[in-house]
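Structure at a glance
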Amino acid sequence: MQITICKTPEEASRLAGEIVNNAIKKNPKLVLGLATGSTPLLLYKEMYTACKAGLSYKKVRTFNLDEYYGLPVEKPQSYRSFMNENLFNHLDIDMKNTHVPDGLAKDVEKSCAQYEKMMKAAGGVDIQVLGIGGDGHIGFNEPGSSLVSRTHLVTLTPRTIKDNTRFFTKSSEVPRYAISMGVGTVMEAKCCLMLCFGKNKADAVKGMIEGGVSQFCPASALQYHPNTIVFIDEAAASKLTLKAYYKWACQHPAKLN
């Protein structure tokens, strides 16, 4: 893992935005894996700001990590609505090139398999944007999830349901299931770009970076990924044992002569 500890979420998001936007300059047909939630919002602002300044997203293709199951896309809490409002509507992207799992699929297994096929047909995900849950989940792969799982239907934990209640009027409205890329699917991305902010993510960040690889912290599987870039703020980094070393290594990157 390449770990960068930033003073603020804004700084971290700016650096992550440079990676994404520079990759699109090199490859206008880049395939992006995208996440929802509050964490990537500043990154998405960097992306559409660059687009307004002249960077074209017309040929970029996107695949979202997950979607609530049983929630109509018209609902503002659906992840399709979230992506449209917070990113896609601000880009010159072709909406036909934006993909979100079908949360209303009648044949869920077939729909999930088709989602996997579409990603492979696109050449695979070049950069997968990730956040992390307070319990170490990525996507909706809750603790206990298989580290080789593919896109699948997930039963959400009480903690995740509680955390997501803030987006709904009451907890009973929060879906109990979701469709999510599996950990194995995420691990096939050529680059994983992780953003983590806040003291409430400190335990999860420590487990992901310094804990043993385990299904109890699904994000820890990223230790085995050959190209994972992590941007965290000081609060999220507060429990890292090797925090000082990560800062030193970032300031003095290893270079071949």
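What comes next is a walk through the structure. (Residues numbered from 1 in each chain as written. Predicted model: local features only at pLDDT ≥ 70, side-chain atom pairs only at ≥ 80, totals over all residues. Heavy atoms only, no water.)

**Some thoughts on the overall build of the chain**
- Looking only at helices and strands, the chain features eight helices and 10 strands.
- Computed over C-alpha atoms, the radius of gyration of the chain comes to 17 Å, within 12% of the 18 Å expected from 2.2 N^0.38 for 257 residues, which places it in the range of a compact globule.
- Projected onto the principal axes, the alpha-carbon positions of the chain cover approximately 55 × 40 × 35 Å.
- Within the chain, counting contacts between residues at least 6 apart in sequence, those at least 24 apart form 79% of the total. (Helix = DSSP H or I, 4+ residues; strand = E, 2+ residues; numbered from the N terminus. Rg over C-alpha atoms; globule rule 2.2 N^0.38 Å. Contact = heavy atoms within 4.5 Å.)

**Brief notes about the pairing of strand 10 (residues 228-233)**
- Within strand 10, six of the six residues are buried, which leaves the element mostly enclosed by the surrounding structure.
- Where burial is concerned, the two faces of strand 10 agree: the one with T228, V230 and I232 and the one with I229, F231 and D233 are both buried.
- Of the strand pairs in this sheet, strand 9 (residues 191-196) and strand 10 are connected by five bridges, and their pairing is parallel. By the bridge assignment, L195 is partnered in strand 10 with F231. (Buried < 20%, exposed > 50% of the residue type's maximum accessible area, 1.4 Å probe, protein only. Pairing = 2+ DSSP bridges.)

**Re the packing of aromatic side chains**
- The tally for this structure, following the rule as stated, stands at six aromatic pairs.
- On the numbers, 5.8 Å between centres and 75° between planes, the contact of Y68 with F168 is edge-to-face. Within this pair, whereas Y68 is found in strand 4 (residues 66-68), its partner F168 is found in the loop between helix 5 (158-164) and strand 8 (177-180), the two being separated by 100 residues in sequence.
- Taking relative accessible area as the criterion, Y68 reaches 1% and is therefore assigned buried.
- Take F168: its relative accessible area is 9%, and that puts it in the buried class.
- Pairing Y79 with F140 gives two aromatic rings, centres 6.0 Å apart and planes at 5°, and the pair type is stacked. (Phe/Tyr/Trp six-rings, centres within 6.5 Å; stacked < 30°, edge-to-face > 60°.)

**Examining the sheet that holds strand 1 (residues 2-6)**
- Ordered in space as 1-10-9-6-2-3-5, the seven strands form an open sheet in which the pairing is parallel. Two strands lie at the open edges of the sheet, namely strand 1 and strand 5 (98-99), each paired on one side alone.
- Where strand 2 (residues 31-34) meets strand 6 (residues 127-130), two bridges bridge the pair, whose relative direction is parallel. Directly across from L32, in strand 6, lies its bridge partner I127.

**Considering the sheet that holds strand 8**
- The antiparallel open sheet is built from three strands, whose spatial order is 4-8-7. Each end of this open sheet is capped by a strand with a single partner; those strands are strand 4 and strand 7 (152-155). On average, each strand axis in the sheet is tilted by 30° relative to the strand beside it, whichever way the strands run.
- Both strand 4 and strand 8 contribute to a ladder of three bridges, which runs antiparallel. Residue pairing across strands places D66 opposite S180, the latter belonging to strand 8. (Axes fitted to C-alpha atoms, helices over the stretch in contact; angles between N-to-C directions.)

**Focus on the side chain of T185**
- Looking at the element boundaries, T185 is found in helix 6 (residues 183-186).
- With relative accessibility at 8%, the residue T185 sits in the buried group.
- Leaving out residues up to four positions away in the same chain, T185 has contacts with E116, M119, S149, R150 and T151.

**Some points on the packing of helix 2 (residues 41-52) against helix 3 (residues 79-86)**
- Axis separation between helix 2 and helix 3 bottoms out at 10 Å; the angle between their running directions is 45°. Taken together, the axes of helix 2 and helix 3 are oblique relative to one another. Contact residues: L41, Y44 and Y48 in helix 2; F82, M83 and N86 in helix 3.
- For the contact of helix 2 with helix 3, the residue count by class is five nonpolar, one polar and no charged. (Parallel < 35°, antiparallel > 145°, perpendicular 65-115°, else oblique. Nonpolar A, V, L, I, M, F, W, Y, C, P; charged D, E, K, R; others polar.)

**Concerning a nonpolar patch on the surface**
- On the surface, a nonpolar cluster with roughly 360 Å² of combined accessible area is contributed by L242, Y245 and W248.
- When you line up the elements, L242 lands in the loop between strand 10 and helix 8 (243-251). (Patch = residues over 30% accessible without salt bridge, like charges linked within 9 Å, V, L, I, M, F, W, Y side chains within 5 Å. Areas by Shrake-Rupley, 256 points an atom, 1.4 Å probe, with all protein chains shown as cover. Salt bridge = Lys/Arg side-chain N within 4 Å of Asp/Glu carboxyl O.)

What is shown is where atoms sit, not what they do.
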